[in-house]
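# A structural walkthrough
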Amino acid sequence: MNILVFTKRVAATQEEELRITGEGQAVDLSKVPFKVNDWDNYSVEEAVRIVDKSGGSVTAISIGDAESDEVLRRAIAMGAKDGFLVETGDILNDPFTRGELIRSFIDKEKVPFDIILTGVQSEDDQFGAVGGVLAGLMGLPYASMVIGIDAVEKDHVIIRRELEGGLQEKVKVATPCVLSIQSGINEPRYVSIMGIRKASKVERKVFKADGYEKGSPKIELVKWVYPEKKGGATMLDGELADVCGQLLGILKEKGVYQ
Amino acid sequence: MSYTLIVAEVRRGVFEERNLDSLGLGTLLGGEAVLLVPDGAYEAADKLVDAVVKIKAPEEVYLNPMNMGKILEAVFAARGKPDHILFTQSSSGMEAAAYAAGLFGMPVITDVSGYDSQAGVFLKSYYSDKVFGQFKAAGAPAILTVRSGSFREFAAEKAAAAAAEAMEGAPSVEARTFVEYVEEEKADIDITKAEFLLSVGRGIGNQDEVAGYEELAGALKAVLSGSRPVIDKLWLPKARQVGTSGKTVKPKVYLAMGISGAFQHIAGMKDSDCIIAVNKDPGAPIFQYAHYGIIGDIHKVRDKLKELAKG
């Protein structure tokens, strides 16, 4: 099995306060650290596991600026054989543009594959749509929210999809296909700095995104806005001991703590 | 004639409640609202739309994105293309919406939680609700997935009952087929029964910290639960997950520590009687839903609470 797995370098904003600049033109990410998209980390791990069991090779592909090389080195350290960077300085907000660029790249470079893995979504834009758009464009079978790959056969895979409320559905998908991997599908291996340093010695190929079609954008970002303020919480202020005392007082008042 | 096509989500015989949000957005968009639903004993919201198209196909066939592509083709052939196609923001809705966008070359905006009819822009979450983008579709039909809880109050009854029509289901594709449902394993504890939940999130940092929160839960006689990142990392078992893909809980008190408040988590706990959030980021979305909030280092709050609870 030849597996293509997509990996994206994203802003790690969970612990950060975000600021919108100007009249809503941009979100200031200048002080935010970057990391591999969580969902892609699970996808790379899953790709490597499939190949460990069934043979073949994993090619990691990243769409992004030169800095995205970092997530390719990481994927190689995890077990990917090759790393391809489709280099672009543009922020591709439109999942359709992304899907079209990937389709055109795979087509033009004749990249061989049996399975394409993407993460369900990326942490930054949370569109959760690139995998599906790509499958639709390429006319390939598709499944998303993949939380288990139970069998990889010659012409199909048996997977489990995560539904709501803890329910899953088992589905048979013919290969070649596109699968979008849900977080929690596996336990991604630890990647050491030494491992990444070693992976740096494996050559990564760089392709300029300009050489491929991405069509005209189908959606337009008009502006950025902050979330609408709802009621909001009553904030407990003061010294640590005081704040914690107030919290215990609320628990007592609600009758859950004596 | 312009119309909005609302693709209903049904699962194991249930017309999902989040369809109401698609119906509500359908009302806001104006024009004729046409509901697509598989033919069966579903409690379809016939009065909330102008027309219902019942697809003669079993639920599992209808929910399959590849079959949905064929079904949409048939609807376009019969009625022309709509201005908007609405799916639910759910496991199956997201899947079918994105696939259809690629298949038909249509714009797609997911997780839509607001609509400004004056400007014609849709609100979509970025960075776990820390900011939102206002998006415009460059062409029609535009495919949207609708966030649960965002528009249901706008779903309005029509003067006349909807005209119902049946349509043959497309032959089911071989390339992807449903095998069976798999239920979650039975767990030692049912967090939906707890009166007091102490819930931890990504902010706890690393696995070594979990023990300290277990101790705090013990000291406060609370049950420990967690958000998705904590469950994904296997720091807590799956049965302890609060959120759309885990459990929906309504305890007397929900104490959230280090949880920023992704929408999928909020959906699983927003109906708790009292929500208390502790987070170091004052901009964390969870503070919008909490009754009480503390901005600070969660480990320090944990240790102080333990100390006071013992004293």
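Before going further, it helps to examine the overall build of chain B. Within chain B, the secondary structure is distributed over eight helices and 17 strands. When its C-alpha atoms are laid out on the principal axes, chain B stretches across 70 × 45 × 35 Å. Among the 311 residues that make up chain B, the fraction classed as buried is 55%. Long-range pairs, those at least 24 residues apart, make up 64% of the contacts in chain B between residues at least 6 apart in sequence.

A few words on the environment of Glu228(A). Residue position: Glu228(A) is located in the loop between strand E14 (219–225) and strand E15 (234–235). Sequence spacing of Glu228(A) and Ala151(A) is 77 residues, and the spatial spacing of their C-alpha atoms is 45 Å.

Glancing now at the pairing of strand E6 (residues 57–64) of chain A. All names here are of chain A. E6 sits mainly inside the fold: seven of its eight residues count as buried. Where strand E1 (residues 2–6) meets E6, five bridges bridge the pair, whose relative direction is parallel. When the bridges of E6 are listed, Asn2 appears paired with Ser57. Bridge analysis of E6 against strand E7 (residues 82–87) gives six bridges, and the strand direction is parallel. Bridging across to E7, Ile61 finds its partner in Phe84.

We now examine the interface of chain B and chain A. Across the contact, 81 residues belong to chain B and 78 residues belong to chain A. Top element by residues in the side of chain B that touches chain A is helix H4 (residues 91–104) of chain B. It accounts for nine residues. In this sheet, strand E9 (residues 131–137) of chain B lies alongside E14(A) in antiparallel orientation, the contact comprising six bridges. Directly across from Leu221(A), in E9(B), lies its bridge partner Phe135(B).

This part is about the pairing of E1(A). The two faces of a sheet get side chains in turn, since along a regular strand they alternate between them. Residues and elements named next belong to chain A. Among the five residues of E1, four are classified as buried, and the element is accordingly described as predominantly covered. Pairing analysis gives three bridges linking E1 to strand E8 (residues 115–119), with the strands arranged parallel. Its bridge partner lying in E8, Val5 is registered against Leu117.

Right, let's talk about helix H2 (residues 69–78) of chain A for a bit. For H2(A), a buried count of eight out of ten residues is recorded, marking the element as mostly surrounded by other parts of the structure. Note on H2(A): the residue one or two positions beyond its end, Gly79(A), has a positive phi of about 135 degrees.

Backbone-to-backbone hydrogen bonds join strands into a sheet, with any given pair of strands oriented parallel or antiparallel. Sheet architecture is open: ten strands sit in the order E14(A)-E9(B)-E8(B)-E7(B)-E10(B)-E6(B)-E1(B)-E4(B)-E5(B)-E11(B), paired in mixed fashion. Each end of this open sheet is capped by a strand with a single partner; those strands are E14 of chain A together with strand E11 (163–168) of chain B. On average, each strand axis in the sheet is tilted by 35 degrees relative to the strand beside it, whichever way the strands run. Taken strand by strand, helix H1 (residues 19–29) of chain B contacts strand E1 (3–7), strand E4 (32–38), strand E6 (84–88), strand E7 (108–116) and strand E10 (142–146) of chain B, and its axis lies near 160 degrees from that of E6(B).

Accessible area lost when the parts come together is the quantity often used to give the size of an interface. Residue and element names in this part refer to chain B. As far as domains go, chain B holds domain 1 (3–168) and domain 2 (191–310). Using only C-alpha atoms to locate each centre, domain 1 and domain 2 end up separated by 33 Å. Listed by partner, the interface residues are seven residues for domain 1 and seven residues for domain 2. Per-class residue counts for the side of domain 1 that touches domain 2 are no nonpolar, four polar and three charged.

Next up on the list: unusual backbone geometry. Here the residue pair Thr175(A) and Pro176(A) is connected by a cis peptide bond, since its omega of 0 degrees sits within 30 degrees of zero. Tracing the sequence through the fold places Pro176(A) in the loop between strand E11 (168–174) and strand E12 (177–181). Its identity is not glycine, yet Ser128(B) carries a phi of approximately 50 degrees, on the positive side. By the element assignment, Ser128(B) lies in the loop between strand E8 (121–126) and E9.

With that settled, consider the sheet that holds E11(A). Sheet architecture is open: ten strands sit in the order E13(A)-E7(A)-E6(A)-E1(A)-E8(A)-E12(A)-E9(A)-E10(A)-E11(A)-E12(B), paired in mixed fashion. The open sheet is flanked by strand E13 (204–208) of chain A together with strand E12 (176–182) of chain B, the only strands paired with a single partner. When the angles between neighbouring strand axes are averaged without regard to direction, this sheet yields 35 degrees. Sheet strands in contact with helix H1 (residues 38–54) of chain A are E1, E6, E8, strand E9 (142–152) and E12 of chain A, and its direction is about 155 degrees off that of E8(A).

Now for the packing of helix H5 (residues 210–220) of chain B against helix H8 (residues 298–310) of chain B. All names here are of chain B. Where H5 contacts H8, the axes come no closer than 9 Å and their chain directions differ by 30 degrees. In this structure, H5 crosses over H8, and the sense of that crossing is left-handed. In this structure, H5 uses Gly212, Tyr213, Glu215, Leu216, Ala219 and Leu220 to contact H8, whose residues at the interface are Arg302, Leu305, Lys306, Ala309 and Lys310. Tallied by class, residues from the contact of H5 with H8 come to six nonpolar, one polar and four charged.

Quick notes on the rules
Numbering of residues starts from 1 in every chain and runs along the sequence as written. Here every chain gets a letter starting at A, and every ligand a number starting at 1, in the order they are written. Totals for whole chains, interfaces and linings use all residues, but because this is a predicted model, local features are given only for residues with pLDDT of at least 70 and pairs of side-chain atoms are given and counted only at 80 or more. Each helix corresponds to a stretch of at least 4 residues labelled H or I by DSSP, and each strand to a stretch of at least 2 residues labelled E; elements are numbered beginning at the N terminus. With C-beta atoms placed from the backbone, a residue is buried if 20 or more other C-beta atoms are within 10 Å of its own, exposed if 12 or fewer are, and partly exposed between those counts. Here, residues touch in the contact sense if the C-beta positions derived from the backbone fall within 7 Å of one another. The rule for pairing is simple: two strands pair if DSSP sees at least two bridges between them. Simply put, an axis is a line fit to the C-alpha atoms, just over the touching stretch for a helix, and the angle between two N-to-C directions goes from 0 to 180 degrees. Domain start and end points were adopted from an automatic or database domain assignment. The residue classification treats Ala, Val, Leu, Ile, Met, Phe, Trp, Tyr, Cys and Pro as nonpolar and Asp, Glu, Lys and Arg as charged. All others, Gly included, are polar. A crossing counts as left-handed when the near helix is turned anticlockwise from the far one by less than a right angle, and as right-handed when that turn is clockwise.

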